[in-house]
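# Summary of structural features
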Amino acid sequence: MLQVVSANRLTDGTVVYLDPHGNWVERLETAAVFSNDAECGAGLEKARAAVAGNLVVDPFAVAIVEEAGERRAVSLRDAIRALGPTIQFGTSSAARR
């Protein structure tokens, strides 16, 4: 099963993915794809170093599929995380006070 490594950026909570160069990116399409558990384990080790460096929190592996040239997360939870918030933040009158 294909996997990517995801976490939340510490500064703003945004969902991020580890890319092939060890950077954190916001788009699932640019994430490093790991084809086996050993490769994914190495990616998670890089993520743990980023946790120690206060860059991200809560890294974990996300199962994905690639279909018709597009990537999508297998689980509904991770698919929602990849697409971004389901509501617009700061748009209510209470948020503007």
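In the block above lies the structure referred to throughout.
Positions within a chain are numbered from 1, following the residues in the order the chain's sequence is written. Since the coordinates come from a predicted model, pLDDT governs what is reported: local features require at least 70, and pairs of side-chain atoms require 80 or more to be given and counted, while whole-chain, interface and lining totals use all residues. Side-chain numbers come from the whole structure's heavy atoms, not from hydrogens or water.

### Re the pattern of salt bridges
Whenever a carboxyl oxygen of Asp or Glu lies within 4 Å of a side-chain nitrogen of Lys or Arg, that contact is scored as a salt bridge. All chains considered together, the criterion is met by 7 salt bridges. Linking R9 and D12 is a salt bridge whose minimum nitrogen-to-oxygen distance equals 3.0 Å. In this scheme, a residue with accessible area under 20% of its type's maximum is buried, one over 50% is exposed, and one in between is partly exposed, where area comes from a 1.4 Å probe on protein chains only. Given the relative accessible area of 23%, R9 is considered partly exposed. With relative accessibility at 47%, the residue D12 sits in the partly exposed group.

### Some details on the environment of D58
Numbering goes from the N terminus for both helices and strands, where a helix is a DSSP run of H or I of at least four residues and a strand is a run of E of at least two. Turning to its location among the elements, D58 is positioned in strand 4 (residues 56-67). Remark: the alpha-carbon pair of D58 and A47, spanning 11 residues in sequence, is separated by 8.9 Å. Any two residues having at least one pair of non-hydrogen atoms within 4.5 Å are treated as being in contact. Residues within four places of D58 in sequence aside, it is in contact with S6 and A7.

### What about helix 1 (residues 37-52)?
Here helix 1 is 16 residues long and its end C-alpha atoms lie 22 Å apart, about the 22 Å a rise of 1.5 Å per residue gives. Every buried residue of helix 1 is accounted for by C40, G43, L44, A47 and A50. For helix 1, the angular spread of buried residues about the axis comes to 105°, placing them on one side. Among the exposed residues of helix 1, those pointing more than 90 degrees away from its buried face are A38, A49 and A52. Any pair of nitrogen or oxygen atoms within 3.5 Å is treated as a polar contact; in protein, a donor-acceptor pairing is required on top of that, and neighbouring residues in sequence qualify only through side-chain atoms on both sides. If you check the start of helix 1, you find a side-chain oxygen 3.1 Å away from the backbone N of A38, and it comes from N36. Following helix 1 by one or two positions, N54 has its phi on the positive side, about 60°. The span one expects for a helix is its residue count, reduced by one, times 1.5 Å. Taken from the helix axis, the directions to the C-beta atoms give the arc we talk about.

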